[in-house]
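# Structure assessment
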Amino acid sequence: MTTEPQRFEILLVPEHVKNRSGAAPQADHPLRSAVVEATGRTGASGYPRYVGEGMEADIDPVTRTVEAVLVDGSELDPGMTALIAPDAGKGAAGRRQ
């Protein structure tokens, strides 16, 4: 039995968007979101692979960071960042560098 999360919500956010506290980027203004589910495979980055709703991502389940992502089969556009939606009542989302 695995202890890794089987599902995440990925949010695509423009890097230039500021949240209400002035920090950027956050999950306040996503342009797109997708719920992705574990495939049981490991991606090229070495992290578990998640797929769904047109997105394919390698996600570090411990830090909740998107390590690699494809959107509709293409790399993320410059100026965009992929975040994991925060769990209700928990801290900030993970960020793809």
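Residues numbered from 1 in each chain as written. Predicted model: local features only at pLDDT ≥ 70, side-chain atom pairs only at ≥ 80, totals over all residues. Heavy atoms only, no water.

So, on to the nonpolar core. In terms of nonpolar packing, the biggest core is built from 16 residues, with I10, L12 and I59 touching the most fellow members. At the level of secondary structure, the elements contributing two or more residues to this core comprise β1 (7–14), β2 (32–42), β4 (55–60), β5 (65–71) and β7 (80–84). Ignoring sequence-local partners within four residues, the contact set of I10 consists of R32, S33, A34, V36, M55, A57, I59, A82, L83 and I84. (Core = buried A, V, L, I, M, F, W, Y, C linked by side-chain atoms within 4.5 Å. Buried < 20%, exposed > 50% of the residue type's maximum accessible area, 1.4 Å probe, protein only. Helix = DSSP H or I, 4+ residues; strand = E, 2+ residues; numbered from the N terminus. Contact = heavy atoms within 4.5 Å.)

Looking at where E67 falls in the secondary structure, it is placed in strand β5. Between the C-alpha atom of E67 and that of P48, which follows or precedes it by 19 residues, the distance is 9.8 Å.

Bringing the side chain of D58 into the picture now. Position of D58 among the secondary structure elements: in strand β4. For D58, a relative accessible area of 2% puts it in the buried group. At 2.8 Å, the side chain of D58 and the side chain of S45 are in polar contact. Setting aside residues up to four positions removed in sequence, D58 forms contacts with G43, A44, S45, Y47, P48, R49, T65, V66, E67 and A68. (Polar contact = N/O pair within 3.5 Å; in protein donor to acceptor, adjacent residues only side chain to side chain.)

A complete count under the given rule lists five salt bridges for this structure. The salt bridge partner of R49 is E56, with a shortest N-O separation of 2.4 Å. On the accessibility criterion, R49 (17% relative accessible area) is buried. Here R64 and D87 are joined by a salt bridge, their closest N and O atoms 3.6 Å apart. On the criterion of sequence distance, the pair formed by R64 in the loop between β4 and β5 and D87 in the segment after β7 is long-range, its members being 23 residues apart. Judged by its relative accessible area of 34%, D87 falls in the partly exposed class. (Salt bridge = Lys/Arg side-chain N within 4 Å of Asp/Glu carboxyl O.)

Looking now at the confidence of the model for the chain. Here the chain averages 85 in pLDDT, while 76% of its residues score no lower than 70. Counted against residues more than four places away or in other chains, residues 91–97, with its pLDDT under 50, gives 26 contacts. (pLDDT = per-residue confidence, 0-100.)

Below, the discussion takes up unusual backbone geometry. Look at E53: it is not a glycine, yet its phi comes out positive at around 50°. Positionally, E53 belongs in the loop between β3 (48–52) and β4. Taking relative accessible area as the criterion, E53 reaches 51% and is therefore assigned exposed. In the Ramachandran plot, D72 falls in the positive-phi region, its phi being about 50° despite a non-glycine side chain. Positionally, D72 belongs in the loop between β5 and β6 (74–75).

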